Amino acid sequence: MRLALRGGTLLERVALRANLVPTPAAEAWGGVAASGVLVAAVRTGVVARLAGAPATPEQIARDLCLAPTPTRLLVDCLVAAGHARRSQDGTVRLARRDRRWLDPESEVGVARFVNACGDYFDWWRDLDGVIETGASVEQHDRGAEDPYWRRYILGQLDLARLFAPEVARRLALPENAASVLDVGGGHGWYSAMLCRRHPGLTATVLDLPGSARVGREVIEAAGLADTVAFLDGDARTAEFPGGQDAVLCFNLLHHLTEAEIPELFARAAEALKPGGTLAVLDAFAEPPGGGGAGVGSWSGSRSWSRPQSWSRSRSNAAAAYLALFVRLTSGSTVHSPAALRTWLAGAGFDPPRAVRSARIPGLALYQACKRW
């Protein structure tokens, strides 16, 4: 995936192709503006209002108690970007394609994830300092009551709702599995879908207090508090409860350093019964030349039909940006599948099996059994 400039007229397209347009200036300005417009439209309620019924910018401002002129300009930007459509009578409605993703009532909506992306602005602003000093922007040390946790966990929940049913179908658990430990599981939705699929299965989600607090609310609202419990703790240091049939480490490894992961897997092995399953879902870096299960490598079932250099350049771009973001926010990196196999073997696991799915773009699911 790559953001790119596209000419609106033949003359503009020719100018772009001839390199007469200062594209770095446009990308630096336009990327921030496009993200800012979308985040603000979600946070102010403009997107939800447009999803409810068509309205003029003046009606939107009045209904939401917003300043009229900035609201009109914001709506103009939504229309210009294709997120909204304007009718001849001057009313504006949410575009049909965007309704699926931004309507608060949509079962696959990601508006809360867009809202959480607003926190990233300050992090990217400090990127030059991170590069100069090597320090990272640490977001995991916030207090449990910090509003950040609600934005973050609910945003991650929006994405998990898209992938969790598929993961639950494809993840093989030991026969008659009764207990799952979800390390760093946050909202608990992956565990919830596993428990729904396997009657009699219960799960414990271990995560930082701020994350677990919001996760409890999510699971209670879903009526699953009897099957999914939460335990406050830091995945890097907490003692894992034993007797587990499976341990999940989903979207966790990229927050950890190469020195922390082997010890994490060792504690996971201790918590598992012999023959138990360790499942890892994360973004992984492709080796040079491609060919691994890494970032962007499962972007779609037709990716094989594209020229290899075309596909690889976009895959590598996604991997590069994600790797930098992980370094910026966690001081870590996107790890390789080869490193994962080495860490698992050292902790006493059989070689992992990759579970492929085009429905989980950018992520790879591996599962490995604890040796008997």
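Residues numbered from 1 in each chain as written. Predicted model: local features only at pLDDT ≥ 70, side-chain atom pairs only at ≥ 80, totals over all residues. Heavy atoms only, no water.

The next subject is helix α15 (residues 337-346). Along α15, the residues classified as buried are Pro337, Leu340, Trp343 and Leu344. Projected down its long axis, α15 carries its buried residues within an arc of 120 degrees, all on one side. The exposed set on the far side of α15, more than 90 degrees from its buried face, consists of Thr342 and Gly346. Among the structural elements, α13 (261-271), β7 (272-282) and β9 (364-369) are those in contact with the buried residues of α15. Gly348 sits one or two residues past α15 and shows a positive phi near 95 degrees. (Buried < 20%, exposed > 50% of the residue type's maximum accessible area, 1.4 Å probe, protein only. Helix = DSSP H or I, 4+ residues; strand = E, 2+ residues; numbered from the N terminus. Arc of directions from axis to C-beta. Contact = heavy atoms within 4.5 Å.)

Attention shifts here to the packing of helix α10 (residues 147-170) against helix α12 (residues 209-221). In the contact formed by α10 and α12, the axes pass within 9 Å of each other and the chain directions differ by 55 degrees. Relative to α12, the element α10 is oriented oblique. The way α10 lies across α12 gives a crossing that is right-handed. Between α10, through Trp149, Arg150, Ile153, Leu154 and Leu157, and α12, the contact on the second element is made entirely by Gly210, Ser211, Arg213, Val214, Glu217 and Val218. Looking at the contact of α10 with α12 residue by residue, the classes come out as six nonpolar, two polar and three charged. (Axes fitted to C-alpha atoms, helices over the stretch in contact; angles between N-to-C directions. Parallel < 35°, antiparallel > 145°, perpendicular 65-115°, else oblique. Left-handed = near helix turned anticlockwise from the far one by under 90°. Nonpolar A, V, L, I, M, F, W, Y, C, P; charged D, E, K, R; others polar.)

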